[in-house]
Amino acid sequence: MLLRARIVLPITAPPVEDGAVLISGDRVLAVGRFADLHAQVAVPVTDLGEVVVLPGLVNAHCHLDYTHLAGRLVPPRTFPDWIKAILAAKAEWDLAAFSASWRAGAQSLLETGTTTVANIEAMPPLLAECRAATPLRVYSFLEMTGIRSGRSPDSILEEAIHTARTLTLGHGGVGLSPHAPYSTTPELMRKAAEAARRKGWRTTTHVGESAAEFDMFMYRRGSMFDWLESQRPMEDCGFGSPVQHLERCGILGSNHLAVHANYLWRGDAERLAASGSQVVHCPSSHAYFGHRCFPFDELTAVGVNIALGTDSLASTRPTRSHPPVLSLLEELRQLQATNSMMSPQRALELATAHGARALGLAGQAGELREGSWADVIAIPHSGSIEAAPEAVVHHSGRVTASMIAGGWAIPPKE
Ligand SMILES: [Zn+2]
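On a predicted model such as this, the values are computed, not experimentally measured, just so you know.

Looking at the overall build of the chain
Counting its secondary structure elements, the chain contains 15 helices and 16 strands. Computed over C-alpha atoms, the radius of gyration of the chain comes to 21 Å, within 12% of the 22 Å expected from 2.2 N^0.38 for 414 residues, which places it in the range of a compact globule. Counting only C-alpha atoms, the chain reaches 70 × 45 × 45 Å along its principal axes. Intrachain contacts of the chain at a sequence separation of at least 6 include 71% that bridge at least 24 residues.

Below is the structure:
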């Protein structure tokens, strides 16, 4: 099949006017000018018209099952207050509610251009049926905590590995997510890191998200320290920053996605870079909590790969006029609003090629080139080639079409 578009944005190569993408099965065979490719091969043409065609977006951090908490939790006074609020909200839900919420999130991502998502899975019993219900490539990271339950790290880890093994992976994959330094024991973090390396899986943790977490590990003080003191041993606090804690647990590495990393200590950016860890920035969630500026320049200067995530809609403000939508395009808009110097092309790279690299999918997802996956989205655009990246970043609403693994997940209108 030959897809024709006003403009093709391959991301890792220059844009092409009156471009085309040649697709065979689930792969891209070639990207180029329509006239050239059409002259070379006799295949059916699907003309998408006045659109920009680009690789499907890669959402590197999400919690699909919290989608129906959109706008329900007002911005908290302290980070622990938010954790308490989300725990209370979740306690009211049964499995059917979580399932409906997960599926609504997946549908919303699909309609807004995501084709690959790294999702934190807190409800293992739902996973098989939820994954089967979406055409998205879902990389399911099994969440592990264990502070409240007091269960042994071995049994928590065994259960997560068992769940991962029983899943039919289809177009996606699995990994492990020890939730965060404060919500796990160092032993669980260490064992999860070792198990993931043995299996060739990726790991992801929330780290340095809030000032409260930073103060707990760095100084043994603050709202999170006070709240958790009666719930967990605090012997792992007082030895440095949350990133240093992860380093001590041996979980940093090229297979690791460090989510948030808002509060870094001296040398933390270098620690992340030296280990090859990826960082995932979630602009809307960052704005909701009013964290200090995300250390973009610091991380970029030392060569850390920064990807983009939606996080969940549980960290969105309640509004009447504009209900929050789970969408990586919304994150791109938020990113541009807070980083006006960043070009739309660069912002798009975070949401595509960088996300793919974070998930170990470089060359397959997040770009259009010979041999990449046929994961393609189309967004309306009748303007110039120069304005195409900006048109994508500022597009709101549904995409015109979405293809995953060579099949239409959202077919173009006839
Ligand atoms: Zn998260």
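Here's the deal with unusual backbone geometry
Positive phi is not limited to glycine here, since Arg 220 has a value of about 55 degrees. Note that Arg 220 resides in the loop between helix H7 (211-219) and helix H8 (223-228). Residue Arg 220 is classed as partly exposed on the basis of its C-beta count, with 13 C-beta atoms lying within 10 Å. For Asp 311, which is not a glycine, the phi torsion comes out positive at approximately 50 degrees.

Considerations on the domain arrangement of the chain
Split into domains, the chain comes out as domain 1 (2-55 + 367-410) and domain 2 (57-358). Each of domain 1 and domain 2 has a C-alpha centre, and these two points are 31 Å apart. Of the residues lining the interface, 19 residues belong to domain 1; the matching set on domain 2 comes to 21 residues. Considering each element in turn, the side of domain 1 that touches domain 2 owes the most residues, 4 residues, to helix H15 (residues 388-393). Partitioned by chemical class, the residues of the side of domain 1 that touches domain 2 number 11 nonpolar, 4 polar and 4 charged.

Comments concerning the sheet that holds strand S6 (residues 57-62)
Ordered by their spatial adjacency, 8 strands build an open sheet running S6-S7-S8-S9-S10-S11-S12-S13, and the pairing between neighbours is parallel. Here the strands that pair on one side only, and so sit at the sheet edges, are S6 and strand S13 (306-308). Put simply, the sheet's adjacent strands are angled 25 degrees from each other on average, direction ignored. With 3 bridges joining them, strand S12 (residues 278-281) and S13 adopt parallel strand pairing. Paired with Val 280 across the two strands is Ala 307, which belongs to S13.

Rules used throughout
Residues numbered from 1 in each chain as written. Predicted model: local features only at pLDDT ≥ 70, side-chain atom pairs only at ≥ 80, totals over all residues. Helix = DSSP H or I, 4+ residues; strand = E, 2+ residues; numbered from the N terminus. Rg over C-alpha atoms; globule rule 2.2 N^0.38 Å. Contact = placed C-beta atoms within 7 Å. Buried ≥ 20, exposed ≤ 12 C-beta atoms within 10 Å, placed from the backbone. Domains from an automatic or database assignment. Nonpolar A, V, L, I, M, F, W, Y, C, P; charged D, E, K, R; others polar. Pairing = 2+ DSSP bridges. Axes fitted to C-alpha atoms, helices over the stretch in contact; angles between N-to-C directions.

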